[in-house]
Amino acid sequence: MPKPAQKKPALKKHYLLYGSERYALAILRPVQEAILARGDEAAWFFDGPGAEDLVEGERLLSVSEVRRWNPVAVLTPGNHLPHFFPGVKVEVFHGFNAGKPRHVYIRGFFDLYCTTGPRDTTQFGALANKLGHFAVTETGWPKLDPFMKEIAGEVPPVRKPPVILYHSTFSPSWSAAETLYEEVKRLSRDGRWRWIVTFHPKMDPETTAKYKALQNEYLTFAENDNILDLFPQVDMMCSDTSSALSEFLLTGKPVVTFKNRAPGPQLIDIDDATQFEPAIERALSRPPELMQAIKAFGDAIHPYRDGHSSERVLQAIDAFIAAGGRNRKSKPLNFWRKLKLRRRIGYWGPA
């Protein structure tokens, strides 16, 4: 009797994770984990900082290796990627816009945008219908997957003493770090509250040094690469127009801002340093109308609390490929941007 034919093992799918900045690592590593959990394979390509931070088991490819490896999809948090790489080109975004619908740049590099929540989905979906050369699927943001699993459940009560995170953006026109320095100095010495201070890596070194010099038993300067690690340790945040405040609001905790560029009911926004202390006191009291506004804001930008946005991104790619892997119109030629990207990477071969 002939032996039954043995079933061939399914071929593993290849996914390329592309970055031009170090922040790509924190955003795309949860996707890498989801790919590996499926039994498929992931590899990285960098044309900027980040490759040196890959760890054992993470694979880095050259241009020629990428083309031979033939990924089914290339994913990036940036607004461009090498058009000459094989696979569906997927944008997963590098953050939330600071308080209002983002300024959209459609560069013509992407087949699929994986949006973080209803606000972006509405905006990008309207453009997809109009332009026709890309698709949009709402998935949530992969970077938040580990974080969402960590903060699952109700908002915890305020600690005794409360802990405040102070974070400022680096842009001189947006940063409040110099304006609020004396207030942070004064308030961090009386022991009522504990402080954790962290700045954007591009912050003026002199400003950073001033705040580091404030360290005492009530104030710590943190140099975490991933600010999300600090969020569960604090009860509220003080900031200005940093994009990190949107991520913090997803914890359900209040934020005090100084001259925010797009204030709304989800923030306690001030425009004078003398308002700083009473604003903090109000935030720590957690008034119901503020807490409800924070929840509504979080639901608009990222309603997913299950920590499985990476899996939804992969499902969106599956669905796009299953539907034919094409959009109703071709992407624009985009000659000059493609030429600049080729020059940057040093590749002049076929697309």
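Residues numbered from 1 in each chain as written. Predicted model: local features only at pLDDT ≥ 70, side-chain atom pairs only at ≥ 80, totals over all residues. Heavy atoms only, no water.

The name an unreviewed UniProt entry assigns to the chain is CDP-glycerol glycerophosphotransferase family protein, from the organism Dyella caseinilytica.

### Here's the deal with the overall build of the chain
Going by this rule: Only DSSP runs of H or I reaching four residues or more are called helices, and only runs of E reaching two or more are called strands; each is numbered from the N terminus. As defined in this context, the radius of gyration uses C-alpha atoms, and a globule is described by 2.2 Å times the residue total to the power 0.38. Only protein chains enter the accessibility calculation, which uses a 1.4 Å probe; a residue is then buried when its area is under 20% of its type maximum, exposed when over 50%, and partly exposed in between. Contact definition: two residues touch when any of their heavy atoms are within 4.5 Å. Values of accessible area rely on a 1.4 Å probe in the Shrake-Rupley scheme; residue burial ignores everything except the protein chains shown. For the charge count, each Lys or Arg is scored as positive and each Asp or Glu as negative, with His and the chain ends excluded. All charge positions are set by atom: Lys at NZ, Arg at CZ, Asp at CG, Glu at CD.
A count of helical and extended segments in the chain gives eleven helices and twelve strands. Against the globule reference of 20 Å for 351 residues, the chain gives a C-alpha radius of gyration of 23 Å, in line with a compact fold. Per-residue burial over the chain gives 52% buried out of 351 residues. Restricting to contacts in the chain with at least 6 residues of sequence separation, those with at least 24 account for 65%. Surface accessibility of the chain: about 17100 Å² in total, with carbon and sulfur atoms responsible for 53%. Averaging the locations of the 47 positively and 40 negatively charged side chains of the chain gives two centres separated by 9 Å.

### Some details on the sheet that holds strand S12 (residues 268-270)
Applied cut-off: Each pair of strands is called paired provided DSSP finds at least two bridges between the two strands. Only the contacting stretch of a helix is used when fitting its axis, a line to C-alpha atoms as for every element, and angles between N-to-C directions run 0 to 180 degrees.
A sheet is described by the order of its strands in space; here six strands give the open sequence S9-S8-S7-S10-S11-S12, paired in parallel fashion. A strand with exactly one partner marks an edge of an open sheet, and here the two such strands are strand S9 (219-221) and S12. Pairs of neighbouring strands in the sheet enclose a mean axial angle of 20°, with direction left out of account. One ladder, built from three bridges, connects strand S7 (residues 163-168) with strand S10 (residues 236-239); its direction is parallel. Its bridge partner lying in S10, Leu165 is registered against Met237.

### Topic: unusual backbone geometry
Pro161 follows Lys160 through a cis peptide bond whose omega is -5°. Its location among the elements puts Pro161 in the loop between helix H4 (145-150) and S7. Phi angles above zero are rare outside glycine, and Lys259 is one such case at about 50°. Among the structural elements, Lys259 can be located in the loop between strand S11 (255-258) and S12.

### Observations concerning the pairing of strand S5 (residues 112-115)
Applicable threshold: When the strands point away from the viewer, a crossover counts as right-handed if the path from the first strand over the helix to the second runs clockwise.
The alternating pattern of S5 places Leu112 and Cys114 on one face and Tyr113 and Thr115 on the opposite face, and all of these are buried. Looking at chain direction, strand S4 (residues 88-91) and S5 are connected through two bridges and run parallel. Bridge pairing in S5 links Val90 to Leu112. Where S5 and strand S6 (residues 135-138) come together, four bridges link them in parallel fashion. Across the sheet, the residue bridging to Thr115 is Glu138, located in S6. Note on the crossover from S5 through helix H3 (residues 118-131) to S6: the handedness is right-handed.

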